[in-house]
Amino acid sequence: MIAPLLVGTGVLLVSMLSYGVATALLVRVVVRLIRGGYAGPSFWKNVVVMTVVTLITAAMHLTQIALWAVVFLLCGETSSFEQAFYVSAENYTALGYGDVLLSGRWRLLGPLEAINGLLLFGLSTAVLFAVMSHLIANRLRHQLGQP
């Protein structure tokens with residue numbers, strides 16, 4: 001039980017760190033888009049901002065799933081990256097089909113990855129909400145004629 005717990009905790013830390021760096025970069029992209037005029041009265045420019053944020057966020061999650069998939073491969077739990085990615089996506093999203101099971105030795109990695117996915121989906125939701133709130137506030141300010 002100690003080995004899976006240590007491995008899982010290590011991957012969880014690497015995942016959180018890499019996601020934090022990616023989120024900081026995402027904030028920079030959003031700030032540049034907004035400073036570049038992609039906020040305010042234009043519906044389609046606001047759509048572009050939200051689409052960019054959503055696509056980058058989705059790519060960030062897929063990267064985290066791939067990270068866990070590599071761990072499953074290294075632990076010998078799957079025979080191919082495709083299967084490892086599938087198992088990882090099931091765990092990360094807490095989908096839980098259960099059609100592919102980890103061995104008894106490494107099964108603790110599944111719940112640890114689910115914790116990771118749930119936390120990062122929460123952070124992504126917060127980022128999307130913050131960007132959307134800013135776009136709404138900018139649009140309201142513009143419609144009310146405020147600077």
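All of these numbers come straight from a predicted model, not from anything done at the bench.

### Observations concerning helix H3 (residues 81-92)
Step number 1: The terminal C-alpha atoms of H3 lie 16 Å apart, and with twelve residues this matches the ideal 16 Å at 1.5 Å per residue to within 8%.
Step number 2: Every buried residue belonging to H3 is among Ala-84, Val-87, Ser-88, Glu-90, Asn-91 and Tyr-92, and all of these are buried.
Step number 3: Considering only its buried residues, H3 is in contact with helix H2 (43-74) and helix H4 (109-143).
Step number 4: Directly beyond the C-terminal end of H3, a positive phi value near 60° is found at Ala-94.

### Looking at unusual backbone geometry
Step number 1: The phi angle at Ala-94 is positive, at roughly 60°, despite the residue not being glycine.
Step number 2: The residue Ala-94 is located in the loop between H3 and H4 in this model.
Step number 3: For Ala-94, a relative accessible area of 43% translates into the label partly exposed.

### A short note on the packing of H2 against H3
Step number 1: H3 packs onto H2 with a crossing angle of 120° between their chain directions and a minimal axis gap of 8 Å. The orientation of H2 relative to H3 falls into the category oblique. Like other packed secondary-structure pairs, H2 and H3 cross with a definite hand, here right-handed. Note on element contacts: H3 touches H2 through Phe-81, Ala-84, Phe-85, Val-87, Ser-88, Ala-89, Asn-91 and Tyr-92, opposite His-61, Leu-62, Gln-64, Ile-65, Ala-66, Trp-68, Ala-69, Val-70, Phe-72 and Leu-73.
Step number 2: Grouping the constituent residues of the contact of H2 with H3 by class yields 14 nonpolar, four polar and no charged.

### So, the nonpolar core
Step number 1: Among the nonpolar cores identified, the biggest contains twelve residues, and these are Val-11, Trp-68, Ala-69, Val-71, Phe-72, Cys-75, Ala-84, Val-87, Leu-102, Trp-106, Leu-109 and Leu-112.
Step number 2: Where this core is concerned, the elements lending two or more residues are H2, H3 and H4.
Step number 3: In terms of residues, this core owes the most to one element, H2, which gives four residues.
Step number 4: In this structure, Val-71 is in contact with Val-7, Val-11 and Leu-109, ignoring residues within four places of it in sequence.

### Digging into the environment of Leu-101
Step number 1: Positionally, Leu-101 belongs in the loop between H3 and H4.
Step number 2: With relative accessibility at 67%, the residue Leu-101 sits in the exposed group.
Step number 3: Taking C-alpha positions, Leu-101 is 47 Å from Ala-137, a pair spaced 36 residues apart along the chain.

Cut-offs and rules
Residues numbered from 1 in each chain as written. Predicted model: local features only at pLDDT ≥ 70, side-chain atom pairs only at ≥ 80, totals over all residues. Heavy atoms only, no water. Helix = DSSP H or I, 4+ residues; strand = E, 2+ residues; numbered from the N terminus. Expected span 1.5 Å × (residues − 1). Buried < 20%, exposed > 50% of the residue type's maximum accessible area, 1.4 Å probe, protein only. Contact = heavy atoms within 4.5 Å. Axes fitted to C-alpha atoms, helices over the stretch in contact; angles between N-to-C directions. Parallel < 35°, antiparallel > 145°, perpendicular 65-115°, else oblique. Left-handed = near helix turned anticlockwise from the far one by under 90°. Nonpolar A, V, L, I, M, F, W, Y, C, P; charged D, E, K, R; others polar. Core = buried A, V, L, I, M, F, W, Y, C linked by side-chain atoms within 4.5 Å.

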